[in-house]
Amino acid sequence: MSAYSLPFELPVTLRPYQRDGINWLAFLRRFGLHGVLADDMGLGKTLQVGTAPPYCQSQGKCYGFDSS
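Residues numbered from 1 in each chain as written. Predicted model: local features only at pLDDT ≥ 70, side-chain atom pairs only at ≥ 80, totals over all residues. Heavy atoms only, no water.

**Q** Is there a simple way to think about the overall build of the chain in this case?
**A** Looking only at helices and strands, the chain features 3 helices and 0 strands. From first element to last, N terminus to C terminus, the chain shows the α and β order α-α-α. When burial is assessed residue by residue, the chain has 24% of its 68 residues classed as buried. Within the chain, contacts between residues at least 6 apart in sequence are counted, and of these 48% link residues at least 24 apart. On the chain, roughly 4,900 Å² of surface is accessible, and the fraction owed to carbon and sulfur atoms is 57%. (Helix = DSSP H or I, 4+ residues; strand = E, 2+ residues; numbered from the N terminus. Buried < 20%, exposed > 50% of the residue type's maximum accessible area, 1.4 Å probe, protein only. Contact = heavy atoms within 4.5 Å. Areas by Shrake-Rupley, 256 points an atom, 1.4 Å probe, with all protein chains shown as cover.)

**Q** Just to check I follow, could you spell out the packing of aromatic side chains for this structure?
**A** Given two aromatic rings, their pairing is described by the distance between the two centres and the angle made by the two planes. All told, the structure shown has 1 aromatic pair when counted by the stated rule. Judged by centre distance (5.1 Å) and plane angle (55 degrees), the rings of F27 and F31 are tilted. Residue class for F31 comes out exposed when judged on its relative accessible area of 52%. (Phe/Tyr/Trp six-rings, centres within 6.5 Å; stacked < 30°, edge-to-face > 60°.)

**Q** Which parts of the structure should I look at to understand helix α1 (residues 16-30)?
**A** Note on helix geometry: an α-helix contains 3.6 residues per turn, so any two residues three or four positions apart are oriented the same way. Taking 1.5 Å per residue as the helical rise, α1 with its 15 residues ought to reach 21 Å, and the 21 Å between its terminal C-alpha atoms agrees with that figure. Among all positions of α1, only Q18, G21, I22, N23, A26 and L28 are buried. Remark: G32 follows α1 within two positions and exhibits a positive phi of approximately 65 degrees. (Expected span 1.5 Å × (residues − 1).)

**Q** Which parts of the structure should I look at to understand the side chain of Q18?
**A** Its location among the elements puts Q18 in helix α1. Taking the relative accessible area as the measure of exposure, Q18 reaches 6% and is therefore buried. In this structure, Q18 is in contact with T13, L43, G44, L47 and Q48, ignoring residues within four places of it in sequence.

**Q** Explain the confidence of the model for the chain to me, please; I cannot follow it from the model alone.
**A** For any part of a model where pLDDT is low, the fine detail of the predicted coordinates should not be relied upon. Counting all residues, the mean pLDDT for the chain is 76, and 74% of those residues have values of 70 or more. By mean pLDDT, helix α3 (residues 52-59) is the weakest element of the chain at 66, and α1 is the strongest at 84. (pLDDT = per-residue confidence, 0-100.)

Structure below.
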């Protein structure tokens, strides 16, 4: 799985497992797959999932998100 570059700058430093989660979400999106991002509480799922809309907007494929 290749590393995904965010199309914007985050004001925080991602931990390695957060970067892995973002890469995994981008991988799923790229191949039209679905998945669940789950782990212990407080490990940054909201931050990781929050990168999905900008990713799909950068790819021009925003199903279920407002692309305006």
